[in-house]
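So you can see what is in the structure, the chains are spelled out below.
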Amino acid sequence: MIELYNINKIYSNQSGKIHALNNINLSVAPGEIVGVIGKSGAGKSTLIRCVNLLEKPTSGFVRVNNIELTTLNAAQLRQARHQIGMIFQHFNLLATRNVFDNVAFPLTLLKKSKKEINKIVSTLLEKVGLSDKRNVFPHHLSGGQKQRVAIARALATNPKVLLCDEMTSALDLETTYDILKLIRNINQDLGLSILCITHEMSVIKAIADRVAVIDQGEIIECATAVDLFKNPQTEITKRLIQLEMRGFVDA
Amino acid sequence: MHKINLLTIATWQTIEMVLVSALFAVIIGLPLGVLIFITRHPHLYKKSAVHSTLGFIVNMVRSIPFIILLVAITPFTRLIIGTSIGTTAAMVPLAVSAIPFFARLVESAMNEVSYGLIEAGLAMGATVFQIVYKILIPESRATIIRGITLMLITLVGYSAMAGAIGGGGLGNVAITYGYERFEINIMIATVVILIVMVQLIQWCGDYIARKLS
């Protein structure tokens, strides 16, 4: 599970201070999928990076799997990160390693035995439907296949939490649907808590149990997915829903 | 027969100078380049003072023309090797000039690795050391090999300069026999050998880089 309390993130540069996140409170219960939606520049990326401390919040507390990450030293934080899977918009696979070695990567960091790695990776590749691609290099894969490899890699250390950073934004509609279905299955099979950030309402609609709408670094609305669609409270949410319903025709 | 012997010895001397100094450049330049890269990176090991000090030293050595470096560090060469004349002594200035060149090369090769990969490594709980040797070096290896090729070719040229002031090798032969004694055949032979050498290095480098990328 994930709990964020009063998270603030302020970037300072020569031209002044930018308040990227403003007093964010958000939680993801065990087995729940929470979506965070917002326009680009709203603070989504910073928010999800505050969960595994790729970005250090200026103030506030982050608790994942009941461990308060903000109080850990560097070595303890690395340990905690093994329990937090993450997937990215641009997949971030290693181009010089094949599918098998990409999925095995987090296990080699933990110095697991070859036998154990082989067993875990084979099971995961089967789960994501890429058993026949184990010796293929990433540049021979389609976007959807790359994201499947990334998902398998994120699950290799058997985390309880999965962070999804715009996971379908680089994919076409049909592939998006397949990936979302896979995420749903994983959520149900493994009871994973999942936090997704996205700018696409369709992603929220397909998988999120609860939704937070973020704008200018603040959560302006938080509701179950059903309530949000039925009864949006803010103009920004209404607009996002409208865009999703109508498509781009008269948006 | 004597001349062929002369050229063979000189060729080996040149190869020896280039390879040994390149080896030192890689052994010292690689960690130096990595250090320059990670001390600038906010998510790896940001140490601005270390970064700017190393950057300054590297720039300083790189800004000295090789022919001047060659004579300027003679005391240092004598300290390490015991003499400032001969093939072994020539390796010192060659290595000194190649180390910062290679360090910059490694740094720029690592700059080309997408930040997303570093971020993925951090998110998976990798240490900075693991990110360097499991992500940065493998992902930039083709660029690094191309850089080594470039460095070897530069060193072939520099070794001829070192030869001119008593370092041995093909440069020495070209000056003493070709230039001072007007033995045009020797001059042509040294040039041909150097051309073949450079072509071979380029060909091997390209081949390895292609295999790795």
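Residues numbered from 1 in each chain as written. Chains lettered and ligands numbered in written order. Predicted model: local features only at pLDDT ≥ 70, side-chain atom pairs only at ≥ 80, totals over all residues. Heavy atoms only, no water.

**Side note on the sheet that holds strand β2 (residues 16-28) of chain A**
Residue and element names in this part refer to chain A.
Next up, step 1: Read across the sheet, 4 strands follow the order β2-β1-β4-β5 without closing on themselves; strand pairing throughout is antiparallel. Whereas interior strands pair on both sides, the edge strands pair on one side only; in this sheet they are β2 and β5 (67-68).
Next up, step 2: Sheet analysis places strand β1 (residues 2-13) next to strand β4 (residues 59-64), joined by 5 bridges and oriented antiparallel. If you follow L4 over to β4, its bridge partner there is V62. (Pairing = 2+ DSSP bridges. Helix = DSSP H or I, 4+ residues; strand = E, 2+ residues; numbered from the N terminus.)

**Quick notes on unusual backbone geometry**
Residues and elements named next belong to chain A.
Next up, step 1: Look at K111: it is not a glycine, yet its phi comes out positive at around 55 degrees.
Next up, step 2: Structurally, K111 is set in the loop between α3 (99-109) and α4 (114-127).
Next up, step 3: For Q216, which is not a glycine, the phi torsion comes out positive at approximately 45 degrees.
Next up, step 4: Tracing the chain through its elements places Q216 in the loop between β9 (210-215) and β10 (218-224).

**Details of empty space enclosed by the protein**
Next up, step 1: Overall, the coordinates contain 1 cavity of 30 Å³ or more when judged by the stated rule.
Next up, step 2: Approximately 100 Å³ is the volume attributed to the largest cavity.
Next up, step 3: At the level of secondary structure, the elements contributing two or more residues to the lining of the largest cavity comprise β6 (84-87) and α5 (143-155) of chain A together with α6 (115-123) of chain B.
Next up, step 4: In terms of residue count, β6(A) provides more of the lining of the largest cavity than any other element does, 3 residues in total.
Next up, step 5: Per-class residue counts for the lining of the largest cavity are 8 nonpolar, 3 polar and 2 charged. (1 Å grid on protein atoms, 1.4 Å probe; cavity = no way out; pocket = protein on both sides within 12 Å on 5 of 7 lines; lining within 4 Å. Points joined across faces, edges and corners; volume = space filled by probe spheres on them. Nonpolar A, V, L, I, M, F, W, Y, C, P; charged D, E, K, R; others polar.)

**As for the side chain of A:E3**
Residues and elements named next belong to chain A.
Next up, step 1: On the secondary structure map, E3 appears in strand β1.
Next up, step 2: Within the structure, the side chain of E3 is placed 2.9 Å from the side chain of Y5, a separation counted as a polar contact.
Next up, step 3: For E3, the contacting residues outside a window of four places in its chain are L26, S27, F61, V62, R63 and N66. (Polar contact = N/O pair within 3.5 Å; in protein donor to acceptor, adjacent residues only side chain to side chain. Contact = heavy atoms within 4.5 Å.)

**Quick notes on the sheet that holds β10(A)**
Residues and elements named next belong to chain A.
Next up, step 1: Read from one edge of the open sheet, 6 strands run β6-β7-β8-β3-β9-β10, paired in mixed fashion. Unpaired on one side and paired on the other, β6 and β10 mark the two borders of the sheet. Adjacent strand axes in the sheet meet at a mean angle of 15 degrees when their direction is disregarded.
Next up, step 2: As judged from the 6 bridges shared by β9 and β10, these two strands associate in the antiparallel manner. Note that in β10 the partner of R210 across the bridge is T224. (Axes fitted to C-alpha atoms, helices over the stretch in contact; angles between N-to-C directions.)

All we've got here are geometric facts, nothing functional implied.
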